[in-house]
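If you want the building blocks of each chain, they are given just below.
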Amino acid sequence: MGQQKTVWDNPADVIRHLAPEHPVMVFAPTVLQDRARQFIQGFPGLVTYAVKSNPDEAVIQNLVTAGIQGFDVASPFEIDLIGRMAPHAARHYHNPVRGRSEIAHAVSVGITSWSVDSKSELDKLFEQVPAKVGDKGVEISPRFKLPVLGAAYDFGSKFGASPELAAELLAEVARRGYVPSLTFHPGTQCTDPIAWESYIRVAKDICDMAGVAAVRLNVGGGFPSHRVIGVEPDLASIFQEIGDTATEMFGDNAPALVCEPGRGLCADAYALITRIKGIRDGGDVFLNDGVYGGLAELPIVGNIDRIEVLSPEGTPRTGETHGRVIFGPTCDSVDRLPGELGLPDDAVEGDYVIFHGAGAYSTVTNTRFNGFGAVTNATVMQLS
Ligand SMILES: *Cc1c(COP(=O)(O)O)cnc(C)c1O
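Everything quoted here is computed from the prediction, not taken from an experiment.

Q: Lay out the domain arrangement of the protein in plain terms, naming residues and giving numbers.
A: Once the domains are mapped, the protein shows domain 1 (2–27 + 268–380) and domain 2 (29–266). Computed over C-alpha atoms, the centres of domain 1 and domain 2 are 32 Å apart. Taken together, the contact pairs 23 residues of domain 1 with 23 residues of domain 2. Of the roughly 2,000 Å² buried where domain 1 meets domain 2, counting both sides, 53% is carbon and sulfur surface. The largest per-residue losses of area from domain 1 upon contact with domain 2 belong to Phe 27, Asp 268 and Tyr 361, which jointly make up 32% of the total buried on that side. Here domain 1 and domain 2 share three salt bridges between them. Glu 297 is paired through a salt bridge with Arg 263; the nearest N and O atoms lie 2.6 Å apart. Across the contact surface, domain 1 and domain 2 share 13 residue pairs in polar contact (both at pLDDT 80 or more).

So, in structure tokens, the structure goes:
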């Protein structure tokens, strides 16, 4: 998916000039940079980017340009991508389960921050990872979990130790001479700051149980993007709640805070242009992209309803909106968006449906199932 050489004005400009037959991921670098600066200025600690949400090189370049100095990486590929594109940035290897060859690769390229959520994996790290690189201490952060609160999607079913186990791991990390820190991920698309608050309170309990003062506390990703009309993400309130809770719980001994947003940084810098292939007799709409392509996440996280329908001339359809069943292009009946989406009544075959806020977990999870998925990228000045 190479970037187009031309920078277009906005998605309508792309539609007018390219009349794209295949889906187009439209990227607005200025929106990404603005969001990155909002995090850097507002978050009370270090902002790192979770590469998995969108590893496009243009995203990494623009984040570095905007001042992002750290990355959450989960695989040798992501480690090497950031090593090449941002050689001075911190790389936190926060996939709690790794193969021995993956650990060896990370050690060989100088990774000094790791997360862990079980004794078996901690023992693997002790065997392969030195406690110091030069005079820099190597950080190991037990990852803990709580029952889900306020997230659209629960990561806790796969990763995270109970608070009791996290305390044991933290004590062992300190005893073995590594830098003891803690990390959690509250779940993705958390619109309510309460998700972070309860985790930070438990982080203090874990430190007390372990008798260890955590050096850093990584509050994960989970920062929301703008998916639903009328539900604007309120990042400032979340940042405030995180800072206030850490101060309340830890006082002057508060661990340095780190966050690792994926979606919250990249999603709103993209729009996905899809096209209406057909409208069946009953009114069901078939698009040229669906859940095996750029809309993979919608059945899990919920619909994005920030959509616009444009004619091939780039003119907005403004008819009254009614709920429609939306199918993707493949012959699999799973390839359907959840429930119904409101489309204007004057939408016709050949029109374009633009999904705003589609930049996370979309370009990177696109498949070629059934021969579809020929997504291209375009760069725009603005998204509207
Ligand atoms: C996926 C992931 C993130 C990013 O999550 P978002 O919900 O996209 O912000 C952050 N940290 C870890 C460890 C992850 O696995």
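Q: Break down the site of the ligand for me, citing the residues and quoting the values.
A: The environment of the ligand is formed by 15 residues, the closest being Lys 52, His 185, Thr 188, Glu 260 and Tyr 361. Separating a nitrogen atom of the ligand from a side-chain N or O atom of Glu 260 is a distance of 2.8 Å. Protein contact buries 94% of the 390 Å² of open area that the ligand shows by itself.

Q: How would you explain the pairing of strand β14 (residues 270–279) if you had to name every residue and give the values?
A: When you tally the buried positions in β14, you get eight out of ten residues, the bulk of the element. Where strand β2 (residues 24–27) and β14 come together, four bridges link them in antiparallel fashion. Within the sheet, the bridge partner assigned to Phe 27 lies in β14 and is Tyr 270. Bridge count for β14 against strand β20 (residues 352–356) is five bridges, and the pairing is antiparallel. Bridged to Ala 271 within β20 is His 356. With three bridges connecting them, β14 and strand β15 (residues 285–287) associate as antiparallel partners. Among the inter-strand pairings, Gly 278 is bridged to a residue of β15, identified as Phe 286. Remark: five residues form the turn of the hairpin made by β14 and β15, two consecutive strands paired antiparallel; Gly 283 in that turn has positive phi of roughly 105 degrees.

Q: Tell me about the environment of Trp 196, residues and numbers included.
A: Among the structural elements, Trp 196 can be located in helix α8 (residues 194–210). Each C-alpha atom, one on Trp 196 and one on Ser 101, is 34 Å from the other, the two residues being 95 residues apart in sequence. Once you skip the residues sitting within four places of it in the chain, Trp 196 turns out to touch Phe 184, Pro 186, Cys 190, Val 219, Gly 221, Gly 222, Phe 223, Ile 238 and Ile 242.

Q: An account of the environment of Gly 294 is requested, with residue identities and associated values reported.
A: Counting through the fold element by element, Gly 294 comes out in the loop between β15 and α11 (298–301). Gly 294 sits in the buried class, given a relative accessible area of 7%. For the pair Gly 294 and Asn 366, spaced 72 residues apart in the sequence, the C-alpha separation amounts to 5.5 Å. Those residues in contact with Gly 294, other than ones at most four positions away along the chain, are Met 25, Leu 272, Asp 289, Ser 362 and Asn 366.

Q: Give me the lowdown on the nonpolar core, citing residues and values where you can.
A: Core analysis: the biggest nonpolar cluster contains 95 residues, and Tyr 49, Phe 71, Trp 114, Trp 196, Val 219, Phe 223 and Phe 355 have the highest contact counts within it. Examining the composition of this core, we find that nine residues originate from one element, α8, more than from any other. Residues from two domains meet in this core; each of domain 1 (2–27 + 268–380) and domain 2 (29–266) gives at least three. In this structure Phe 71 touches Thr 48, Tyr 49, Val 51, Ile 60, Val 64, Ile 82, Ala 86, Ala 89, Ala 90, Arg 91 and His 92, once residues within four positions along its chain are discounted. Counting 15 residues, the second-largest nonpolar core is a separate cluster that includes Ala 12, Val 14, Ile 273 and Ile 354.

About the cut-offs
- Residues numbered from 1 in each chain as written.
- Predicted model: local features only at pLDDT ≥ 70, side-chain atom pairs only at ≥ 80, totals over all residues.
- Heavy atoms only, no water.
- Domains from an automatic or database assignment.
- Contact = heavy atoms within 4.5 Å.
- Buried area = accessible area lost by both parts, 1.4 Å probe.
- Salt bridge = Lys/Arg side-chain N within 4 Å of Asp/Glu carboxyl O.
- Polar contact = N/O pair within 3.5 Å; in protein donor to acceptor, adjacent residues only side chain to side chain.
- Near = heavy atom within 4 Å.
- Areas by Shrake-Rupley, 256 points an atom, 1.4 Å probe, with all protein chains shown as cover.
- Buried < 20%, exposed > 50% of the residue type's maximum accessible area, 1.4 Å probe, protein only.
- Helix = DSSP H or I, 4+ residues; strand = E, 2+ residues; numbered from the N terminus.
- Pairing = 2+ DSSP bridges.
- Core = buried A, V, L, I, M, F, W, Y, C linked by side-chain atoms within 4.5 Å.

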